[in-house]
Amino acid sequence: DAGITQSPRHKVTETGTPVTLRCHQTENHRYMYWYRQDPGHGLRLIHYSYGVKDTDKGEVSDGYSVSRSKTEDFLLTLESATSSQTSVYFCATQGEETQYFGPGTRLLVL
Amino acid sequence: GESVGLHLPTLSVQEGDNSIINCAYSNSASDYFIWYKQESGKGPQFIIDIRSNMDKRQGQRVTVLLNKTVKHLSLQIAATQPGDSAVYFCAELRGGSNYKLTFGKGTLLTVNP
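The paragraphs below set out a description of the structure included in this document. (Residues numbered from 1 in each chain as written. Chains lettered and ligands numbered in written order. Predicted model: local features only at pLDDT ≥ 70, side-chain atom pairs only at ≥ 80, totals over all residues. Heavy atoms only, no water.)

Observations concerning the overall build of chain B
Here's step 1: Along its length, chain B carries 0 helices and 11 strands.
Here's step 2: Each helix (α) and strand (β) of chain B, taken in turn from the N terminus, gives the series β-β-β-β-β-β-β-β-β-β-β.
Here's step 3: By the compact-globule yardstick of 13 Å for 113 residues, chain B fits well, its C-alpha radius of gyration being 13 Å.
Here's step 4: Projected onto its principal axes, the C-alpha coordinates of chain B cover approximately 45 × 30 × 20 Å.
Here's step 5: Counting all 113 residues of chain B, 42% fall into the buried class.
Here's step 6: A separation of at least 24 residues holds for 53% of the contacts in chain B among residues at least 6 apart in sequence.
Here's step 7: Split by element, the accessible area of chain B, about 5,600 Å² in all, is 47% carbon and sulfur.
Here's step 8: The distance from the centre of the 11 positive side-chain charges to the centre of the 9 negative ones in chain B is 6 Å. (Helix = DSSP H or I, 4+ residues; strand = E, 2+ residues; numbered from the N terminus. Rg over C-alpha atoms; globule rule 2.2 N^0.38 Å. Buried < 20%, exposed > 50% of the residue type's maximum accessible area, 1.4 Å probe, protein only. Contact = heavy atoms within 4.5 Å. Areas by Shrake-Rupley, 256 points an atom, 1.4 Å probe, with all protein chains shown as cover. Lys, Arg positive; Asp, Glu negative; His and termini not counted. Charge placed at Lys NZ, Arg CZ, Asp CG, Glu CD.)

Set out below in structure tokens:
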């Protein structure tokens, strides 16, 4: 799994609170991605990074921000969580041939 | 709509049978395709990939077929086992896209003992 860890693995929060999810990789991969997975939608790209301090939006970026201050860490922040952001969040890195995924973070926004 | 999709959302097979999971794509510029397997509560796991200059690629018990004429991709699993029960996704990569994959919604494969 390319040494990808995500924290926390589970989180329950209230609407309006900020939430930060962390992705950590040990493979020194340049590209990193945040996806959300919802029934009926599959995996959808939120944001991605193509290097330290280099990030760009994916198809469902509204309400999310990211930061990449080190190669190994890619943070996803929900500035003010909403119930529509209840989902499972996956981080991925781009290896030589393919993308490798972390174990996921299950987020419930009440 | 999705540019990558699956014909069947669920597939149920008997243990030992062969399984075929299908996927359609719409962008003829896509040059790389991947199949992922996702078990319950886990992240997607790479199974096999194929480039657009190939028609077929084989792995261990899995084969991916690519038909560029009709923009169709399939995953064949030989002698399906209970451990193969999972959701299978195809993904499409368009050249020059910073490796951004587009995923299909997935097919749930259930293997009956």
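Some remarks on the interface of chain B and chain A
Accessible area lost upon the coming together of the parts serves often as the stated size of an interface.
Here's step 1: On the side of chain A, 20 residues touch chain B, which itself brings 20 residues to the contact.
Here's step 2: For the pair chain B and chain A, the summed buried surface comes to about 1,600 Å²; carbon and sulfur atoms form 53% of the total.
Here's step 3: Counting every contact that joins chain B to chain A gives 0 salt bridges.
Here's step 4: Applying the counting criterion to the chain B and chain A interface returns 3 residue pairs in polar contact (both at pLDDT 80 or more). (Buried area = accessible area lost by both parts, 1.4 Å probe. Salt bridge = Lys/Arg side-chain N within 4 Å of Asp/Glu carboxyl O. Polar contact = N/O pair within 3.5 Å; in protein donor to acceptor, adjacent residues only side chain to side chain.)

Some remarks on the nonpolar core
In a soluble, globular protein the nonpolar side chains are often hidden away together inside.
Residues and elements named next belong to chain B.
Here's step 1: By size, the foremost hydrophobic cluster in this structure holds 20 residues, and its most contacted members are Trp 35, Leu 73, Leu 75, Tyr 88 and Leu 109.
Here's step 2: If you list the elements that add at least two residues to this core, you get strand S2 (10–14), strand S3 (19–25), strand S4 (30–38), strand S5 (45–51), strand S7 (62–67), strand S8 (72–77), strand S9 (86–94) and strand S11 (107–112).
Here's step 3: Discounting residues that sit within four places of it in the chain, Leu 75 has contacts with Ser 19, Ile 20, Ile 21, Trp 35, Ile 47, Ile 48, Val 62, Thr 63 and Tyr 88. (Core = buried A, V, L, I, M, F, W, Y, C linked by side-chain atoms within 4.5 Å.)

A look at the state of the cysteines
Residues and elements named next belong to chain A.
Here's step 1: Considering all chains together, one arrives at 2 disulfides over all chains under this definition.
Here's step 2: Each sulfur in the disulfide pair Cys 23 and Cys 91 lies 1.8 Å from the other. Disulfide Cys 23-Cys 91: the torsion about the S-S bond is -70°, which places it as left-handed. Separated by 68 residues along the polypeptide, Cys 23 in strand S3 (residues 19–25) and Cys 91 in strand S9 (residues 87–94) bring together distant segments of the chain. (Disulfide = S-S within 2.5 Å.)

As for the sheet that holds S3(A)
Residue and element names in this part refer to chain A.
Here's step 1: Spatially, 4 strands are ordered S1-S3-S8-S7 in an open sheet, and the strand pairing comes out antiparallel. The sheet is open, and its two borders are formed by strand S1 (4–7) and strand S7 (64–70), each paired with just one other strand. Taken over all neighbouring pairs, the strand axes of this sheet differ in orientation by 20° on average, direction set aside. (Pairing = 2+ DSSP bridges. Axes fitted to C-alpha atoms, helices over the stretch in contact; angles between N-to-C directions.)

Concerning the pairing of strand S8 (residues 73–78) of chain A
All names here are of chain A.
Here's step 1: Most of S8 sits out of view: 5 of its 6 residues are buried.
Here's step 2: Note that S7 and S8 share 5 bridges and pair antiparallel. Across the sheet, the residue bridging to Ser 67 is Leu 75, located in S8.
Here's step 3: The antiparallel pairing of S7 with S8 creates a hairpin that spans 2 residues between the two strands.

Concerning the packing of aromatic side chains
Here's step 1: Applying the stated criterion across every chain, the model contains 11 aromatic pairs over all chains.
Here's step 2: Look at Tyr31(A) and Tyr33(A): their rings are 6.5 Å apart centre to centre, the planes differ by 15°, and that puts the pair in the stacked class. Each member of the pair Tyr31(A) and Tyr33(A) is classed as buried.
Here's step 3: With centroids separated by 5.8 Å and ring planes inclined at 45°, the aromatic side chains of Tyr36(B) and Phe103(B) adopt a geometry described as tilted. Placement of Tyr36(B) in strand S4 and of Phe103(B) in strand S10 (residues 101–103) is noted, with a sequence separation of 67 residues between them.
Here's step 4: In this structure Tyr36(B) comes out as buried when scored by relative accessible area, which is 0%.
Here's step 5: Members of the aromatic cluster, joined through ring pairs, are Tyr31(A), Tyr33(A), Tyr35(A), Tyr48(A), Tyr50(A), Phe101(A), Tyr36(B) and Phe103(B). (Phe/Tyr/Trp six-rings, centres within 6.5 Å; stacked < 30°, edge-to-face > 60°.)

Looking at the pattern of salt bridges
Residue and element names in this part refer to chain A.
Here's step 1: What the rule picks out here adds up to 8 salt bridges over all chains.
Here's step 2: Arg 44 is paired through a salt bridge with Asp 38; the nearest N and O atoms lie 3.0 Å apart.
Here's step 3: A residue is classified by how much of its surface remains accessible, and Arg 44, at 16% relative accessible area, is buried.
Here's step 4: Through salt bridges that share partners, Arg 22, Lys 70 and Asp 73 make up one connected network.

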